Amino acid sequence: MNTLIEQILPTLLTRAQVLHQCGRDWIGHLTEVAANLPAEIGERYHPTAYVGEELPDVYAAADVVVSRSGAGTVAELVAVGKPSVLIPLVPAAGDEQRNNARYLVHAGAARALLEPDPTPQQLRAELDELLLDPGLRAHMTDAAKALGRPDAADALAKVILDQAK
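The present account deals with the structure reproduced in this document. Chains are numbered independently. Their residues run from 1 in the order of the written sequence. With pLDDT at 70 or above as the cut-off, local features in this predicted model cover only qualifying residues; side-chain atom pairs require 80 or more to be listed or tallied, and sums for whole chains, interfaces and linings still use all residues. Side-chain metrics rest on all non-hydrogen atoms present in the structure, leaving aside hydrogens and water.

**Here's the deal with the sheet that holds strand β3 (residues 65–67)**
Operational definition: Two strands pair under a simple rule: DSSP has to find at least two bridges between them. Numbering of helices and strands starts at the N terminus; helices are DSSP runs of H or I of at least 4 residues and strands are runs of E of at least 2. Note on geometry: axes are lines fitted to C-alpha atoms, helical ones only across the stretch in contact, with angles between N-to-C directions running from 0 to 180 degrees.
Across the sheet, three strands lie side by side as β3-β4-β5; this open sheet has parallel pairing. Each edge of the open sheet carries a strand with a single partner, namely β3 and β5 (110–112). Averaged over all pairs of adjacent strands, the angle between strand axes in this sheet comes to 20 degrees, irrespective of strand direction. Of the pairings in the sheet, the one linking strand β4 (residues 84–86) to β5 comprises three bridges and is parallel in character. In the sheet register, Ser84 faces β5, and the bridge partner there is Ala110.

Following this line, the structure appears as structure tokens:
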């Protein structure tokens, strides 16, 4: 994913600000990439090794999220109702990430690059469509929120307590 993002940065930064969580192995390289971008677009790129406690604020500010599609991430995306472009880790155990991505795509909440070796052009095409169409993003936001279960912990606790009686 880091390579895909890096390869589309010059075009992507003409349309969007990018907060890029890249991991500690990539932060040095991508910080250097950021320093070498032309000033007019370079200030729009923010690589970071990790996003921690500020994750709720990052989600709140994001128009579109590009991410893997593990269960935790998918749960977060639908809980906050964020349109996304998902790039599943292939292969993952039981192909769970592609199955998660397919579920969100089928519901209209996400786009996904489901093949094992997506290209930068595929990612750029998906992002261009989403960034240029606020109506599409609004539809995907509604679809994602419809899948979310922010009350999941309470519902599970109720089931457990009901069974314990």
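**Structural notes on the pairing of strand β1 (residues 18–21)**
Heads up, the rule is: For every residue, the accessible area (1.4 Å probe, protein chains only) is compared with the maximum for its type, and the residue is labelled buried under 20%, exposed over 50%, or partly exposed between those bounds.
With burial as the criterion, only one face of β1 is covered, namely that bearing Val18 and His20; the residues Leu19 and Gln21 on the opposite face remain uncovered. Relative to strand β2 (residues 45–48), β1 runs parallel, the two sharing four bridges. From the neighbouring strand, Gln21 faces β2, where its bridge partner is Thr48.

**What to know about helix α2 (residues 24–35)**
Three- or four-residue spacings in an α-helix give side chains the same orientation, since the helix completes a turn every 3.6 residues. Note the threshold: Expected helix span is taken as 1.5 Å per residue step, with the number of steps being one fewer than the number of residues. Along the arc lie the directions from the helix axis toward the C-beta atoms. When checking whether two residues touch, look at their non-hydrogen atoms; a contact exists if any pair is within 4.5 Å.
The terminal C-alpha atoms of α2 lie 17 Å apart, and with 12 residues this matches the ideal 16 Å at 1.5 Å per residue to within 8%. Regarding α2, the residues found buried are Leu30, Val33 and Ala34. Viewed end-on, α2 has its buried residues packed into an arc of 95 degrees, placing them on one side of the element. Looking at α2, the residues exposed on the side facing more than 90 degrees away from the buried face are Arg24, Glu32 and Ala35. Residues of α2 that are buried make contact with α1 (2–12), β1 and β2.

In short, the description is geometric, and any link to function would need to be established separately.
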